[in-house]
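# Descriptive structure summary
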Amino acid sequence: MSDAGQGVIQGVCWHRFDSLDAYETELRLNEGLWRARSLWSESLQTTQKQLGDFPGHCGVCQRPSVFTYSPETEEVNVREALVCAGCQLNARQRAVWAWMQHAFPTNRRWALYLTEQATRFYQASKQHWPGTRGSEYFPVSAFERLSAYVTHLLGEHEVLRWEDVCRLSLKDQSIDGLVCLEILEHVPDYEAAVAEFLRVLKPGGQLIITVPFLDRTHETLVRARLNEQGEIEHLCPPEYHGDPVDGEGILAYYHFGWDLLDRLREVGFSQAQWCVPWAPSMGLFSRLWTLVAVR
Ligand SMILES: [Zn+2]
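Per-chain numbering applies: the sequence of each chain, read as written, is numbered from 1 onward. Reporting in this predicted model follows two pLDDT cut-offs: at least 70 for local features of residues, and 80 or more for side-chain atom pairs to be given and counted; totals over whole chains, interfaces and linings ignore these cut-offs and use all residues. Note that water and hydrogens are dropped before the side-chain values are worked out from all heavy atoms of the structure.

Counted as donors are the N, O and S atoms within 2.8 Å of the metal, or 3.2 Å for Na, K and Ca, while water is not among the atoms, so some sites may look incomplete. In the first shell of the zinc ion, the protein supplies Cys 58 (SG), Cys 61 (SG), Cys 84 (SG) and Cys 87 (SG), at 2.3 to 2.4 Å from the metal. Square planar and octahedral assignments, for four and six donors respectively, both demand that opposite donors be over 155 degrees apart and that all other angles lie between 65 and 115; tetrahedral needs four donors with all angles between 85 and 135 degrees, and anything else is irregular. Viewed at the metal, the four donor atoms of the zinc ion are separated by angles of 104 to 114°, and the geometry they form is tetrahedral. Read in sequence order, the donor residues coordinating the zinc ion give the pattern C-x2-C-x22-C-x2-C. Taken as a pair, Cys 58 in strand 3 (residues 53-58) and Cys 84 in strand 5 (residues 82-84) lie far apart in primary sequence, 26 residues in all. Helix and strand assignments come from DSSP, with helices taken as H or I runs of at least 4 residues and strands as E runs of at least 2, each series counted from the N terminus.

Written out as C-alpha coordinates, the structure reads:
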(Lines give C-alpha, C1' and ligand atoms only; values in the text may rest on other atoms or scores of the structure.)
Protein backbone atom coordinates (compact mmCIF):
# COMPACT_ATOMS: atom_id res chain seq x y z
CA MET A 1 0.00 0.00 0.00
CA SER A 2 1.42 3.37 -0.91
CA ASP A 3 0.75 6.84 0.41
CA ALA A 4 -2.60 8.54 0.54
CA GLY A 5 -3.76 10.17 -2.68
CA GLN A 6 -5.09 9.03 -5.98
CA GLY A 7 -4.01 6.27 -8.35
CA VAL A 8 -5.36 3.94 -10.98
CA ILE A 9 -4.86 0.27 -10.13
CA GLN A 10 -6.02 -2.41 -12.58
CA GLY A 11 -8.55 -0.09 -14.19
CA VAL A 12 -9.98 1.21 -10.91
CA CYS A 13 -9.28 4.77 -9.76
CA TRP A 14 -8.70 4.68 -6.00
CA HIS A 15 -8.73 7.72 -3.72
CA ARG A 16 -7.16 7.09 -0.32
CA PHE A 17 -7.48 9.35 2.69
CA ASP A 18 -5.78 9.44 6.11
CA SER A 19 -8.31 11.77 7.72
CA LEU A 20 -11.55 13.69 7.35
CA ASP A 21 -9.43 16.83 6.86
CA ALA A 22 -7.66 15.27 3.88
CA TYR A 23 -10.99 14.17 2.41
CA GLU A 24 -12.55 17.62 2.82
CA THR A 25 -9.47 19.25 1.29
CA GLU A 26 -9.79 16.96 -1.75
CA LEU A 27 -13.51 17.76 -2.05
CA ARG A 28 -12.66 21.48 -2.02
CA LEU A 29 -9.73 21.28 -4.45
CA ASN A 30 -11.54 19.08 -6.96
CA GLU A 31 -15.06 20.24 -6.30
CA GLY A 32 -16.15 19.90 -9.94
CA LEU A 33 -14.97 16.31 -10.23
CA TRP A 34 -16.71 15.14 -7.05
CA ARG A 35 -19.90 17.04 -7.90
CA ALA A 36 -19.95 15.51 -11.38
CA ARG A 37 -19.45 12.05 -9.92
CA SER A 38 -22.26 12.57 -7.43
CA LEU A 39 -24.61 13.81 -10.13
CA TRP A 40 -23.64 10.93 -12.39
CA SER A 41 -24.22 8.39 -9.61
CA GLU A 42 -27.52 9.93 -8.59
CA SER A 43 -28.89 10.06 -12.12
CA LEU A 44 -27.75 6.53 -12.83
CA GLN A 45 -29.32 5.33 -9.61
CA THR A 46 -32.60 6.86 -10.66
CA THR A 47 -32.56 5.45 -14.19
CA GLN A 48 -31.23 2.16 -12.91
CA LYS A 49 -34.22 1.84 -10.67
CA GLN A 50 -36.50 2.20 -13.66
CA LEU A 51 -34.52 0.36 -16.32
CA GLY A 52 -32.98 -2.53 -14.46
CA ASP A 53 -29.82 -3.84 -16.09
CA PHE A 54 -26.76 -2.16 -17.51
CA PRO A 55 -23.77 -3.85 -19.16
CA GLY A 56 -20.18 -3.60 -17.97
CA HIS A 57 -17.10 -5.64 -17.07
CA CYS A 58 -17.08 -7.51 -13.77
CA GLY A 59 -13.72 -7.66 -12.02
CA VAL A 60 -14.77 -10.76 -10.07
CA CYS A 61 -16.09 -12.71 -13.07
CA GLN A 62 -13.21 -11.32 -15.20
CA ARG A 63 -15.52 -10.93 -18.19
CA PRO A 64 -18.33 -8.77 -19.55
CA SER A 65 -21.43 -8.99 -17.42
CA VAL A 66 -24.65 -7.20 -16.58
CA PHE A 67 -25.23 -5.29 -13.36
CA THR A 68 -28.76 -5.43 -12.09
CA TYR A 69 -30.30 -3.12 -9.60
CA SER A 70 -32.33 -5.34 -7.32
CA PRO A 71 -33.35 -3.34 -4.28
CA GLU A 72 -35.12 -4.98 -1.37
CA THR A 73 -36.57 -1.64 -0.38
CA GLU A 74 -37.73 1.53 -2.13
CA GLU A 75 -34.64 3.37 -0.92
CA VAL A 76 -31.94 3.64 -3.63
CA ASN A 77 -28.86 1.84 -2.35
CA VAL A 78 -26.24 1.12 -5.02
CA ARG A 79 -23.77 -0.16 -2.44
CA GLU A 80 -25.90 -3.15 -1.47
CA ALA A 81 -28.28 -3.58 -4.41
CA LEU A 82 -26.19 -3.28 -7.60
CA VAL A 83 -25.51 -6.97 -8.20
CA CYS A 84 -23.49 -8.69 -10.98
CA ALA A 85 -25.60 -11.24 -12.87
CA GLY A 86 -22.62 -13.62 -12.95
CA CYS A 87 -21.04 -13.72 -9.49
CA GLN A 88 -24.08 -12.24 -7.70
CA LEU A 89 -21.82 -9.92 -5.67
CA ASN A 90 -22.98 -6.42 -4.87
CA ALA A 91 -21.02 -3.21 -5.49
CA ARG A 92 -19.59 -3.06 -1.94
CA GLN A 93 -18.22 -6.60 -2.24
CA ARG A 94 -16.87 -6.01 -5.77
CA ALA A 95 -15.06 -2.89 -4.53
CA VAL A 96 -13.37 -4.94 -1.80
CA TRP A 97 -12.49 -7.57 -4.40
CA ALA A 98 -10.81 -4.94 -6.58
CA TRP A 99 -8.56 -3.98 -3.66
CA MET A 100 -7.87 -7.63 -2.80
CA GLN A 101 -6.78 -8.31 -6.41
CA HIS A 102 -4.26 -5.50 -6.06
CA ALA A 103 -3.08 -6.47 -2.56
CA PHE A 104 -2.94 -10.23 -3.12
CA PRO A 105 -1.86 -11.04 -6.71
CA THR A 106 -2.31 -14.72 -7.42
CA ASN A 107 1.37 -15.38 -8.21
CA ARG A 108 1.71 -16.79 -4.67
CA ARG A 109 -0.47 -18.53 -2.10
CA TRP A 110 -1.79 -16.04 0.43
CA ALA A 111 -3.20 -16.96 3.83
CA LEU A 112 -6.45 -15.00 3.78
CA TYR A 113 -9.10 -15.02 6.47
CA LEU A 114 -12.68 -13.86 6.01
CA THR A 115 -15.03 -13.29 8.93
CA GLU A 116 -17.74 -14.95 6.86
CA GLN A 117 -18.18 -18.38 5.34
CA ALA A 118 -21.84 -18.91 4.43
CA THR A 119 -21.68 -16.38 1.58
CA ARG A 120 -21.06 -16.13 -2.15
CA PHE A 121 -18.24 -13.69 -1.41
CA TYR A 122 -16.44 -16.39 0.57
CA GLN A 123 -17.15 -18.94 -2.16
CA ALA A 124 -15.68 -16.66 -4.86
CA SER A 125 -12.64 -15.79 -2.69
CA LYS A 126 -11.90 -19.44 -1.98
CA GLN A 127 -11.94 -20.19 -5.71
CA HIS A 128 -9.66 -17.27 -6.58
CA TRP A 129 -7.33 -17.52 -3.56
CA PRO A 130 -7.12 -21.20 -2.51
CA GLY A 131 -5.45 -20.23 0.79
CA THR A 132 -8.68 -18.61 1.98
CA ARG A 133 -10.33 -19.64 5.23
CA GLY A 134 -13.37 -18.20 6.95
CA SER A 135 -15.77 -18.49 9.82
CA GLU A 136 -19.19 -17.44 11.05
CA TYR A 137 -20.38 -16.35 14.47
CA PHE A 138 -23.94 -17.24 15.39
CA PRO A 139 -26.18 -18.69 18.09
CA VAL A 140 -25.43 -22.37 18.67
CA SER A 141 -29.05 -23.23 17.83
CA ALA A 142 -28.40 -22.21 14.23
CA PHE A 143 -25.44 -24.58 13.77
CA GLU A 144 -27.20 -27.39 11.93
CA ARG A 145 -29.11 -25.05 9.67
CA LEU A 146 -25.93 -23.19 8.78
CA SER A 147 -23.88 -26.37 8.32
CA ALA A 148 -26.41 -27.60 5.78
CA TYR A 149 -26.28 -24.24 3.98
CA VAL A 150 -22.48 -24.16 3.88
CA THR A 151 -22.40 -27.69 2.46
CA HIS A 152 -24.96 -26.67 -0.15
CA LEU A 153 -22.99 -23.53 -1.10
CA LEU A 154 -19.41 -24.78 -0.88
CA GLY A 155 -19.50 -28.56 -1.12
CA GLU A 156 -18.85 -31.49 1.20
CA HIS A 157 -15.24 -30.58 1.96
CA GLU A 158 -15.92 -27.24 3.57
CA VAL A 159 -16.10 -27.49 7.36
CA LEU A 160 -18.08 -24.82 9.12
CA ARG A 161 -16.01 -22.81 11.60
CA TRP A 162 -17.50 -20.93 14.53
CA GLU A 163 -15.34 -18.04 15.66
CA ASP A 164 -15.76 -15.00 17.90
CA VAL A 165 -13.93 -12.11 16.19
CA CYS A 166 -12.68 -10.94 19.61
CA ARG A 167 -11.01 -14.34 20.27
CA LEU A 168 -9.90 -16.00 17.04
CA SER A 169 -8.35 -19.46 17.23
CA LEU A 170 -5.57 -18.39 14.84
CA LYS A 171 -1.87 -18.24 15.60
CA ASP A 172 -0.08 -14.93 16.09
CA GLN A 173 1.13 -13.39 12.82
CA SER A 174 -0.24 -16.20 10.66
CA ILE A 175 -2.47 -14.30 8.20
CA ASP A 176 -1.56 -12.17 5.14
CA GLY A 177 -4.99 -10.59 4.76
CA LEU A 178 -8.06 -10.37 6.96
CA VAL A 179 -11.33 -9.28 5.39
CA CYS A 180 -14.14 -8.22 7.73
CA LEU A 181 -17.25 -7.00 5.90
CA GLU A 182 -20.28 -5.52 7.65
CA ILE A 183 -19.45 -7.23 10.96
CA LEU A 184 -17.68 -4.68 13.15
CA GLU A 185 -20.76 -2.52 13.69
CA HIS A 186 -22.40 -5.52 15.39
CA VAL A 187 -19.55 -6.12 17.85
CA PRO A 188 -20.07 -4.14 21.10
CA ASP A 189 -16.33 -4.26 21.92
CA TYR A 190 -15.10 -3.64 18.37
CA GLU A 191 -11.75 -2.38 19.67
CA ALA A 192 -11.07 -5.88 21.05
CA ALA A 193 -11.85 -7.28 17.61
CA VAL A 194 -9.40 -4.99 15.77
CA ALA A 195 -6.71 -5.72 18.38
CA GLU A 196 -7.32 -9.42 17.68
CA PHE A 197 -7.02 -8.80 13.92
CA LEU A 198 -3.67 -7.11 14.52
CA ARG A 199 -2.47 -10.10 16.57
CA VAL A 200 -3.15 -12.64 13.80
CA LEU A 201 -1.83 -10.53 10.89
CA LYS A 202 1.76 -10.89 9.74
CA PRO A 203 3.86 -7.70 9.65
CA GLY A 204 2.82 -5.96 6.43
CA GLY A 205 -0.46 -7.91 6.39
CA GLN A 206 -3.60 -6.02 5.46
CA LEU A 207 -6.93 -5.63 7.20
CA ILE A 208 -9.83 -4.77 4.88
CA ILE A 209 -13.06 -3.56 6.45
CA THR A 210 -16.46 -2.34 5.35
CA VAL A 211 -18.96 -0.92 7.85
CA PRO A 212 -21.70 1.71 7.82
CA PHE A 213 -19.56 4.87 7.49
CA LEU A 214 -20.50 8.51 8.09
CA ASP A 215 -18.05 10.06 5.64
CA ARG A 216 -18.55 13.65 6.81
CA THR A 217 -18.27 12.92 10.54
CA HIS A 218 -15.19 12.47 12.67
CA GLU A 219 -16.74 10.82 15.68
CA THR A 220 -18.34 7.38 15.57
CA LEU A 221 -22.05 7.38 16.34
CA VAL A 222 -22.76 4.96 19.18
CA ARG A 223 -26.28 3.67 18.51
CA ALA A 224 -26.38 1.13 21.33
CA ARG A 225 -24.10 -0.20 24.08
CA LEU A 226 -23.95 -2.87 26.74
CA ASN A 227 -24.36 -1.72 30.34
CA GLU A 228 -22.54 -3.28 33.30
CA GLN A 229 -25.18 -6.00 33.55
CA GLY A 230 -24.56 -6.88 29.90
CA GLU A 231 -27.95 -5.54 28.83
CA ILE A 232 -28.41 -3.55 25.64
CA GLU A 233 -29.03 0.19 26.05
CA HIS A 234 -30.35 1.91 22.94
CA LEU A 235 -29.08 5.46 22.37
CA CYS A 236 -30.72 5.66 18.91
CA PRO A 237 -33.70 3.84 17.42
CA PRO A 238 -32.54 0.22 17.04
CA GLU A 239 -31.28 -0.70 13.57
CA TYR A 240 -31.08 -4.34 12.52
CA HIS A 241 -29.12 -5.67 9.54
CA GLY A 242 -29.77 -8.81 7.52
CA ASP A 243 -27.82 -11.90 8.50
CA PRO A 244 -27.42 -15.01 6.30
CA VAL A 245 -28.00 -17.11 9.41
CA ASP A 246 -30.45 -15.26 11.57
CA GLY A 247 -33.60 -14.19 9.75
CA GLU A 248 -34.42 -11.63 12.44
CA GLY A 249 -31.28 -9.63 11.73
CA ILE A 250 -28.62 -8.35 14.13
CA LEU A 251 -28.35 -5.07 15.98
CA ALA A 252 -25.96 -2.34 14.74
CA TYR A 253 -24.16 -0.76 17.72
CA TYR A 254 -22.24 1.74 15.60
CA HIS A 255 -22.19 3.91 12.52
CA PHE A 256 -18.48 4.62 12.26
CA GLY A 257 -16.79 7.96 11.61
CA TRP A 258 -13.22 8.80 10.59
CA ASP A 259 -12.05 8.13 14.16
CA LEU A 260 -12.09 4.41 13.35
CA LEU A 261 -8.72 5.13 11.68
CA ASP A 262 -7.45 6.55 15.00
CA ARG A 263 -8.58 3.43 16.89
CA LEU A 264 -6.72 1.21 14.38
CA ARG A 265 -3.53 3.26 14.73
CA GLU A 266 -3.85 3.18 18.53
CA VAL A 267 -3.99 -0.63 18.64
CA GLY A 268 -0.84 -0.74 16.49
CA PHE A 269 -1.64 -0.68 12.77
CA SER A 270 1.12 1.25 10.99
CA GLN A 271 -1.22 2.65 8.33
CA ALA A 272 -4.97 3.08 8.12
CA GLN A 273 -6.88 4.74 5.28
CA TRP A 274 -10.43 5.07 4.05
CA CYS A 275 -10.37 4.29 0.32
CA VAL A 276 -12.97 4.92 -2.35
CA PRO A 277 -12.90 3.36 -5.83
CA TRP A 278 -14.26 4.79 -9.07
CA ALA A 279 -14.79 2.55 -12.14
CA PRO A 280 -18.30 2.98 -13.55
CA SER A 281 -17.73 0.47 -16.38
CA MET A 282 -17.12 -2.13 -13.66
CA GLY A 283 -20.24 -1.14 -11.75
CA LEU A 284 -18.15 0.67 -9.12
CA PHE A 285 -19.41 4.17 -8.50
CA SER A 286 -21.17 6.05 -5.73
CA ARG A 287 -19.03 6.16 -2.56
CA LEU A 288 -18.05 2.55 -1.95
CA TRP A 289 -15.94 3.25 1.14
CA THR A 290 -13.44 0.53 1.94
CA LEU A 291 -11.06 0.71 4.91
CA VAL A 292 -7.54 -0.64 4.45
CA ALA A 293 -5.09 -0.92 7.37
CA VAL A 294 -1.57 -2.35 7.33
CA ARG A 295 0.04 -4.08 10.27
ZN1 LIG B 1 -19.40 -10.79 -11.49
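This brings us to the pairing of strand 9 (residues 201-210). Burial runs high along strand 9: seven of the 10 residues are buried. Two strands pair under a simple rule: DSSP has to find at least two bridges between them. As paired elements, strand 8 (residues 175-181) and strand 9 share six bridges and run parallel to each other. Directly across from Cys 180, in strand 9, lies its bridge partner Ile 209. Direction of pairing for strand 9 relative to strand 17 (residues 290-294): antiparallel, over a ladder of four bridges. If you follow Leu 207 over to strand 17, its bridge partner there is Ala 293. Under the scheme applied here, a residue whose accessible area is under 20% of the maximum for its type counts as buried, over 50% as exposed, and between as partly exposed, the area being computed with a 1.4 Å probe on protein chains only.

Looking at the secondary structure, you find Ser 174 in the loop between helix 6 (143-154) and strand 8. Overall, Ser 174 belongs to the partly exposed group, its relative accessible area being 21%. Taking the C-alpha atoms as reference points, Ser 174 and Arg 199, 25 residues apart in sequence, are found 8.8 Å from one another. It only takes one pair of heavy atoms within 4.5 Å for two residues to be counted as in contact. Discounting chain neighbours no more than four positions away, the residues touching Ser 174 are Ala 111, Val 200 and Lys 202. Any N or O atom pair separated by 3.5 Å or less is treated as a polar contact, with the protein-specific requirement of one donor-capable and one acceptor-capable atom, and with residues adjacent in sequence counted only for side-chain atom pairs. For Ser 174, the side chain forms a polar contact with the main-chain oxygen of Lys 171, separated by 2.7 Å.

Here the focus is a nonpolar patch on the surface. For patch detection, residues must exceed 30% relative accessible area and be free of salt bridges, and they are connected within 9 Å for like charges or within 5 Å for nonpolar side chains (Val, Leu, Ile, Met, Phe, Trp, Tyr). Per-residue and other accessible areas were derived by the Shrake-Rupley procedure at a 1.4 Å probe size, with only the shown protein chains allowed to occlude residues. Criterion for a salt bridge: a side-chain nitrogen of Lys or Arg within 4 Å of a carboxyl oxygen of Asp or Glu. A contiguous nonpolar surface patch, about 340 Å² in accessible area, is contributed by Tyr 137, Phe 143 and Trp 162. Within the element layout of this structure, Tyr 137 appears in the loop between strand 7 (132-134) and helix 6. For Tyr 137, a relative accessible area of 49% translates into the label partly exposed.

What follows deals with the packing of aromatic side chains. What counts as a ring pair is set by centres within 6.5 Å for rings of Phe, Tyr and Trp (its six-membered ring), and what kind of pair is set by the plane angle: stacked under 30 degrees, edge-to-face over 60, tilted for all other angles. Within this structure, the stated rule accounts for 25 aromatic pairs. With 5.1 Å between their ring centres and 45° between their planes, Tyr 137 and Trp 162 make a pair best called tilted. Taken together, the positions of Tyr 137 in the loop between strand 7 and helix 6 and Trp 162 in the loop between helix 6 and strand 8 put the pair 25 residues apart, joining distant regions of the chain. Aromatic pair Phe 213 and Trp 274: ring centres 3.8 Å apart, planes at 15°, arrangement stacked. Linking Phe 213 in the loop between strand 9 and strand 10 (221-222) with Trp 274 in strand 16 (residues 271-278), this pair joins segments that are 61 residues apart in sequence. Across the pair, exposure class does not vary: Phe 213 and Trp 274 are buried alike.

Attention shifts here to the sheet that holds strand 4 (residues 63-69). Pairing within the open sheet is antiparallel, and its three strands lie in the order 3-4-5. Edge positions in the sheet fall to strand 3 and strand 5, since each has one partner strand and no second. Recorded for the sheet is a direction-independent mean angle of 35° between the axes of neighbouring strands. Pairing between strand 3 and strand 4: six bridges, direction antiparallel. Residue Cys 58 lies in a different strand from strand 4, and its bridge partner there is Arg 63. Helix axes are fitted to C-alpha atoms over the stretch in contact, other axes to C-alpha atoms as well, and angles between N-to-C directions run from 0 to 180 degrees.

The next point concerns the pattern of salt bridges. All told, the structure shown has 17 salt bridges when counted by the stated rule. Between Arg 216 and Glu 24 there is a salt bridge, and its shortest N-O distance comes to 3.7 Å. Residue Arg 216 is found in the loop between strand 9 and strand 10, and its partner Glu 24 is found in helix 1 (residues 20-29); the two are separated by 192 residues along the sequence. Here Glu 24 falls in the partly exposed class, since its relative accessible area comes to 25%. Two residues, Asp 259 and Arg 263, come together in a salt bridge whose shortest N-O distance is 3.7 Å. With Asp 259 and Arg 263 both in helix 8 (residues 259-267), this residue pair falls four residues apart, about one helical turn. Taken as a pair, Asp 259 and Arg 263 share a single burial class, namely buried. Three or more residues joined by partner-sharing salt bridges are found here, namely Arg 79, Glu 80, Arg 92 and Glu 182.

This brings us to the nonpolar core. In this structure, Leu 82, Met 100, Phe 104, Phe 121, Val 179 and Leu 284 are the most contacted members of the largest nonpolar core, which totals 44 residues. With eight residues, helix 4 (residues 91-103) is the single largest residue contributor to this core. With near-sequence residues (within four places) excluded, Phe 104 lies in contact with Trp 110, Leu 112, Trp 129, Asp 176, Gly 177, Gln 206 and Ile 208. Among the nonpolar cores identified, the runner-up in size contains 42 residues, and Leu 27, Tyr 190, Leu 201 and Ala 224 belong to it. Residues belong to one nonpolar core when they are buried, are Ala, Val, Leu, Ile, Met, Phe, Trp, Tyr or Cys, and are joined through side-chain atoms within 4.5 Å.

Let's shift gears to helix 5 (residues 120-128). Within the sequence span of helix 5, burial applies to Phe 121, Tyr 122, Ala 124 and Ser 125. The buried residues of helix 5 occupy an angular sector of 165° when the element is viewed end-on, so they sit on one face. For helix 5, the secondary structure elements touched by its buried residues are helix 4, strand 6 (112-114), strand 7, helix 6 and strand 8. Read the arc as the range of directions from the helix axis to the C-beta atoms.

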